[in-house]
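Understanding the architecture of this molecule
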Amino acid sequence: MHVVAFNGSPRPQGNTAAALTLVTDELKSTGIDVEIVQVGQATLRGCTACGACIKNQDERCIIEDEVNGWVQKMKQADGLIFGSPVHFASIGGTMKSFLDRAFYVCGVNGSLLRHKVGATVAAVRRSGGVTTFDDLNHYVNYAEMIMPGANYWNVIHGTRPGDTSEDGEGEQVMRTLGRNMAWLMKLIEHGRDAVPAPPLEAKVFTHFVR
């Protein structure tokens, strides 16, 4: 089994990376292969709402940058982790541009992430960690992914790189998340043939203007 973790921090060795490493070390200890992708240093623009990914049905965003390669990594993975720093109590801008575009492409091209295991983590100096964690989870839930739990919200605290080592509870949360994610992935793998997945229902789009 293979997990891809996306680091939305512009600091590849910062506290978001430390949080992801705590989770992925637990996955590796159970024999799960892990890849970490650095998103936060990329130069990405947001979704332009052009609809090309719906029309073309080629699993690609019309904007040619790193996102299309990352979409394919997401498609091929068994599990995904999305980590972000906290910028003004929300997801870092580059990470959000990636998530908006990648999840939309995946959704309109046959729900590519459906029933994959997905987890999210946030690294924060002081406040805004829970709101960022919630924002990240919106993507996972929308894609019909399956989310493992931990023993608290998946938030770890620190300002300078390395500070998270002083957040004992935050580190435990990340380790617990990693163990639970590995367990859930193995349950799904072993039960896939015994319990058929429910059929995919065509997405219904409505609005509230009357």
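Look above for the structure.
Here the structure is a predicted model, which means the values were calculated and not measured. (Residues numbered from 1 in each chain as written. Predicted model: local features only at pLDDT ≥ 70, side-chain atom pairs only at ≥ 80, totals over all residues. Heavy atoms only, no water.)

Contact pair helix α1 (residues 15–29) / helix α6 (residues 168–191): the axes reach a minimum separation of 7 Å and the direction vectors enclose 35°. The two elements α1 and α6 cross, and the hand of that crossing is right-handed. Counted together, A19, L22, V23, E26 and L27 of α1 and E171, M174, R175, L177, G178, R179, M181 and A182 of α6 form the full contact between these two elements. In the contact of α1 with α6, the residues fall into 8 nonpolar, 1 polar and 4 charged. (Axes fitted to C-alpha atoms, helices over the stretch in contact; angles between N-to-C directions. Helix = DSSP H or I, 4+ residues; strand = E, 2+ residues; numbered from the N terminus. Left-handed = near helix turned anticlockwise from the far one by under 90°. Contact = heavy atoms within 4.5 Å. Nonpolar A, V, L, I, M, F, W, Y, C, P; charged D, E, K, R; others polar.)

Together, V130, Y152 and W153 make up a nonpolar patch on the protein surface, roughly 340 Å² of accessible area in all. As for its position among the elements, Y152 is in the loop between α5 (129–142) and β6 (155–157). (Patch = residues over 30% accessible without salt bridge, like charges linked within 9 Å, V, L, I, M, F, W, Y side chains within 5 Å. Areas by Shrake-Rupley, 256 points an atom, 1.4 Å probe, with all protein chains shown as cover. Salt bridge = Lys/Arg side-chain N within 4 Å of Asp/Glu carboxyl O.)

What follows concerns the pattern of salt bridges. Here the structure, examined in full by the defined rule, presents 9 salt bridges. The partner of R101 in a salt bridge is D65, and the shortest N-O contact between them spans 2.9 Å. You can see R101 sitting in helix α4 (residues 93–108) and its partner D65 sitting in the loop between α2 (52–56) and α3 (66–76), a full 36 residues away along the chain. The residue D100 makes a salt bridge to K96 at a minimum N-O spacing of 2.9 Å. With D100 and K96 both in helix α4 and 4 residues apart, the pair spans about one turn of that helix. Residue class for D100 comes out partly exposed when judged on its relative accessible area of 26%. (Buried < 20%, exposed > 50% of the residue type's maximum accessible area, 1.4 Å probe, protein only.)

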